[in-house]
Amino acid sequence: MSLQNQVMEEIKAAMKAKDSITLESLRAIKSALLLAQSEKGAGDEMPAADEIKLIQKLVKQRKDSAAIFMEQGREDLAEPELAQVAVIEKFLPAQLSVDEIEKVVIQIIKTTGASGMKDMGKVMGMVSKQLGGQADGKTISGIVRTKLT
């Protein structure tokens, strides 16, 4: 089942359950998918990798918003954002632990012969490609940075 069909089924279930947070989250996914499909040059079906990137972007936006609200002492606004993150993350592949990400980073550093921060971009690209949405870019970046210094 494609992501769009899966989201539509979840929207129907959320409407029946009268779950406003879930419904709002799913509608955001649907909107982002439709927007991406209507872009010039886009085909009917999005590749799975692009769908994952789109979902990751939505999660990141909400986490960033929640962090800003928390800094400003507005927990009342941060809570719905974090609730939406939980709903949207269901559509992402299972996330790897920090230890698993470290193993991949170390392996790629060894195979590429990366020796310093000048190689960070090359290592980041290869790790991100290999993990394919199973890890957050910020987490990967932090691990690569510590391993290369």
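Keep in mind that this is a model prediction, so the values were computed, not measured. Here the residue numbering is sequential within each chain, running from 1 through the sequence in written order. Given that the model is predicted, a residue must reach a pLDDT of at least 70 before its local features are reported, and side-chain atom pairs must reach 80 or more before they are shown or counted; all residues, however, enter totals for whole chains, interfaces and linings. Only hydrogens and water are set aside when side-chain values are computed; all heavy atoms of the structure are taken into account.

Enquirer: Which residues make up the confidence of the model for the protein, and what values do they have?
Expert: When pLDDT is averaged across the protein, the result is 88; 96% of the residues are at 70 or more. Scored from 0 to 100, pLDDT records how confident the predictor is in each individual residue. The helix count covers DSSP runs of H or I at least four residues long, the strand count covers runs of E at least two residues long, and both are numbered beginning at the N terminus. Mean pLDDT values for the elements of the protein range from 86 in helix α7 (residues 137-148) up to 94 in helix α4 (residues 75-88).

Enquirer: Tell me about α4, residues and numbers included.
Expert: What a helix is expected to span follows from its residue count: subtract one and scale by 1.5 Å. Along its 14 residues, α4 runs 20 Å from first to last C-alpha, staying within 8% of the 20 Å computed at 1.5 Å per residue. Think of it in three bands: with a 1.4 Å probe and only protein chains considered, a residue is buried below 20% of the maximum accessible area for its type, exposed above 50%, and partly exposed in between. Considered for burial, the residues of α4 that qualify are Ala78, Glu81, Gln84, Val85, Val87 and Ile88. Residues count as neighbours in contact if any of their non-hydrogen atoms are within 4.5 Å of one another. Elements in contact with the buried residues of α4: α2 (20-38) and α3 (48-71).

Enquirer: Tell me about the packing of α3 against α4, and name the residues and values.
Expert: Only the contacting stretch of a helix is used when fitting its axis, a line to C-alpha atoms as for every element, and angles between N-to-C directions run 0 to 180 degrees. Interaxial distance between α3 and α4 falls to 8 Å at its minimum, and their mutual angle equals 160°. Of the possible angle classes, the one that applies to α3 and α4 is roughly antiparallel. α4 is crossed by α3, and the crossing has left-handed handedness. From α3, Ile55, Leu58, Val59, Arg62, Lys63, Ser65, Ala66, Phe69 and Met70 reach across to α4, where they touch Glu75, Leu77, Ala78, Glu81, Leu82, Gln84, Val85 and Ile88. Oblique is the label for every angle not falling under 35 degrees (roughly parallel), over 145 degrees (roughly antiparallel), or within 65 to 115 degrees (roughly perpendicular). In this scheme, a crossing is called left-handed if the near helix is turned counterclockwise away from the far one by less than a right angle; it is called right-handed if the turn is clockwise.

Enquirer: Please provide a residue-by-residue account of the nonpolar core, values included.
Expert: Residue types Ala, Val, Leu, Ile, Met, Phe, Trp, Tyr and Cys, when buried and joined through side-chain atoms within 4.5 Å, form a set referred to as a nonpolar core. The biggest cluster of nonpolar side chains holds 20 residues, and the ones touching the most others in it are Val7, Leu26, Ile29, Leu54, Ile55 and Phe91. Broken down by secondary-structure element, the contributors of at least two residues to this core are α1 (3-17), α2, α3 and α4. The element that contributes the greatest number of residues to this core is α2, accounting for 6 residues. The residues contacting Ile29, other than those within four sequence positions of it, are Val7, Leu54, Ile55, Leu58, Ile88 and Phe91. In terms of nonpolar packing, the next biggest core, distinct from the first, is built from 16 residues, Ile101, Val105, Ile109 and Leu131 among them.

Enquirer: Any details on the pattern of salt bridges? Residues and values, ideally.
Expert: The term salt bridge refers to a side-chain nitrogen of Lys or Arg lying within 4 Å of a carboxyl oxygen of Asp or Glu. Applying the stated criterion across every chain yields a total of 6 salt bridges. As a salt-bridge pair, Lys63 and Glu89 come within 3.5 Å of each other at their nearest N and O atoms. Of the two residues, Lys63 is situated in helix α3 and Glu89 in the loop between α4 and α5 (98-112); the sequence distance between them amounts to 26 residues.

Enquirer: Report on the environment of Ala36, specifying residues and quantitative values.
Expert: Mapped onto the fold, Ala36 is located in helix α2. The class of Ala36 is buried, set by a relative accessible area of 14%. Once the C-alpha coordinates of Ala36 and Asp50 are considered, the two residues, 14 residues apart in sequence, prove to be 9.3 Å apart.

Enquirer: Before we move on, can you summarise α1 with the specific residues and values?
Expert: Compared with the 21 Å implied by 1.5 Å per residue over 15 residues, the 21 Å span of α1 between its first and last C-alpha is a close match. Among the residues of α1, Leu3, Val7, Ile11 and Ala14 are the ones counted as buried. Along the axis of α1, the buried positions cluster into a sector of 80°, meaning they face one direction only. For α1, the secondary structure elements touched by its buried residues are α2 and α3. Backbone geometry just after α1 places Lys18 at a positive phi near 55°. The directions considered for the arc run from the helix axis to the C-beta atoms.

Enquirer: Kindly report on the environment of Gln134, identifying the contributing residues and their values.
Expert: With respect to the helices and strands, the residue Gln134 is situated in the loop between α6 (120-131) and α7. Setting aside residues no more than four positions away along its own chain, Gln134 makes contact with Pro93, Ala94, Gln95 and Leu96.

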